[in-house]
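Reading the structure
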Amino acid sequence: MPCLNEAATVGRCVAKARGFLERAGIDGEVLVADNGSTDDSPSLATAAGARVVSVAEPGYGAALNAGIAAARGRYVVMGDADDSYDFSRLDAFLEKLRAGYPLVMGNRFKGGIRPGAVPPLHRYVGNPVLSFVGRLFFRTGVRDFHCGLRGFDREAVRGLELGTTGMEFASELVVKATLAGWRIAEVPTTLDPDGRGRPPHLRSWRDGWRHLRFLLLFSPRWLFLYPGLALLLTCCTLTTLLYFTPLRVAGAGLDIHSMLYAAAGALLGLQFCLFALFARVAAHAAGLLPRHAFLERVLRLFTLERGLLFGLGIALIGFLWSASAFWQWRDTGFGALDPRVVMRDTIPASALMVGGMELVLAAFLVSVIRWKIVASGPTGA
């Protein structure tokens with residue numbers, strides 16, 4: 001149980017958990033990870049029969065990581081010390097853990113949320129939206145991403161190398177377990193109003209953003225790749241259409257000025273796609289994300305040498321196109337040219353030169369990042 005100034009409730013929580021252990025005949029312990037309480041929480045937890053470990057680093061995730069490291073049992077059930085979860089009714093968690101599930105999540109939407117237990121903003125917007133984003137990004141079946149009551153195999157979780165120190169720990173555990181291919185079970189869990197009699201530690205917008213930020217950073221596809229592909233394809237299509245003729249869309253005339261912005265948008269889309277590649281390869285090299293079979297095949301196909309040749313080839317096309325435009329200018333005696341004519345060549349030509357050189361630099365950077373993976377052998381970093 002992570003604990004920060006929970007004197008009003010920690011004793012009841014410990015008593016309920018100890019009662020469950022005795023009733024179920026489990027040789028276990030109740031461990032309280034005290035995160036700098038300034039009230040009597042540590043002494044009250046000890047008096048109720050818990051083992052208390054002090055955690056100097058502040059944060060929900062820091063307290064849980066320290067508690068998991070200090071735990072002695074094979075299985076761990078974690079839950080807040082504010083008496084919002086009933087530690088006397090953990091039978092479903094135990095059943096699923098013994099059935100071989102390395103992670104068992106509580107689901108408050110199935111079990112029931114008592115009136116006043118969760119602010120309406122969290123119940124109807126925050127949690128459902130973040131849980132939906134998590135399921136969409138990581139293709140997991142977990143319906144309640146942020147339930148604070150969950151059980152897991154201690155050694156398996158330690159192998160995930162969880163590193164977040166704040167409330168986003170809840171998302172990190174589910175995301176990394178999903179990426180590792182774990183079977184994850186969900187059991188109905190009831191949530192009661194907490195008994196602390198003071199405002200909660202959770203800060204809606206700050207902690208909600210930290211959860212969303214974590215989900216985005218661990219999913220380069222949604223943060224970079226998909227927006228980049230949409231921008232690249234849209235702007236390439238518009239640039240191509242404007243090369244042949246001006247367009248009129250919803251009463252607005254589009255010509256070379258729109259073509260210039262479309263070409264810039266295509267280059268930005270390319271940058272997004274390349275950043276998705278960099279982020280995925282770097283996360284793999286750092287051990288944050290597992291290997292991706294399709295990406296591995298692509299990287300084996302597009303080696304440094306092939307990437308250089310491809311990028312230089314694109315840049316060369318742009319250079320030759322620019323040379324052709326220059327030659328036309330030369331034929332006029334380097335006089336004035338109609339920009340509506342000449343810019344239709346120089347805009348895409350310059351975009352190809354810039355995009356080609358971006359691909360050359362990307363090939364070098366990916367090779368540098370992948371050097372650690374290759375050097376570490378077949379098991380990866």
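Data block above holds the structure.
Everything in this summary refers to the structure shown in the same document. (Residues numbered from 1 in each chain as written. Predicted model: local features only at pLDDT ≥ 70, side-chain atom pairs only at ≥ 80, totals over all residues. Heavy atoms only, no water.)

**Quick notes on the packing of aromatic side chains**
This model, assessed by the stated rule, comprises nine aromatic pairs. A centroid spacing of 6.5 Å and a plane angle of 85° characterise the contact between Tyr 60 and Phe 169, whose relative ring orientation is edge-to-face. A residue pair is termed long-range when its members are at least 10 positions apart, and Tyr 60 in helix H3 (residues 60–70) and Phe 169 in helix H8 (residues 169–179) qualify at 109 residues. With a relative accessible area of 16%, Tyr 60 lands in the buried category. Ring centres of Phe 224 and Phe 272 lie 6.3 Å apart, and the angle between their planes is 65°; on these two criteria the pair is classed as edge-to-face. Pair noted here: Phe 224 is in helix H10 (residues 220–244) and Phe 272 is in helix H11 (residues 256–285), with a separation of 48 residues, a long-range link. Residue placement shows Arg 183 over the ring face of Tyr 101; its charged tip is 4.2 Å from the ring centre. (Phe/Tyr/Trp six-rings, centres within 6.5 Å; stacked < 30°, edge-to-face > 60°. Helix = DSSP H or I, 4+ residues; strand = E, 2+ residues; numbered from the N terminus. Buried < 20%, exposed > 50% of the residue type's maximum accessible area, 1.4 Å probe, protein only. Lys NZ or Arg CZ within 6 Å of the ring centre and 35° of its normal.)

**Notes on a nonpolar patch on the surface**
A cluster of nonpolar side chains, Leu 121, Tyr 124, Val 125 and Val 129, forms an exposed patch at the surface whose accessible area comes to about 380 Å². Relative to the elements of secondary structure, Leu 121 occurs in helix H6 (residues 120–138). What makes Leu 121 partly exposed here is its relative accessible area of 38%. (Patch = residues over 30% accessible without salt bridge, like charges linked within 9 Å, V, L, I, M, F, W, Y side chains within 5 Å. Areas by Shrake-Rupley, 256 points an atom, 1.4 Å probe, with all protein chains shown as cover. Salt bridge = Lys/Arg side-chain N within 4 Å of Asp/Glu carboxyl O.)

**Observations regarding the nonpolar core**
Formed by 29 residues in total, the largest nonpolar core has its most connected members in Leu 103, Phe 152, Val 157, Phe 169, Leu 173, Val 175 and Leu 215. With five residues, the single largest contributor to this core is H8. Counting 28 residues, the second largest nonpolar core, distinct from the first, contains Cys 13, Ala 17, Ala 81 and Phe 93. (Core = buried A, V, L, I, M, F, W, Y, C linked by side-chain atoms within 4.5 Å.)

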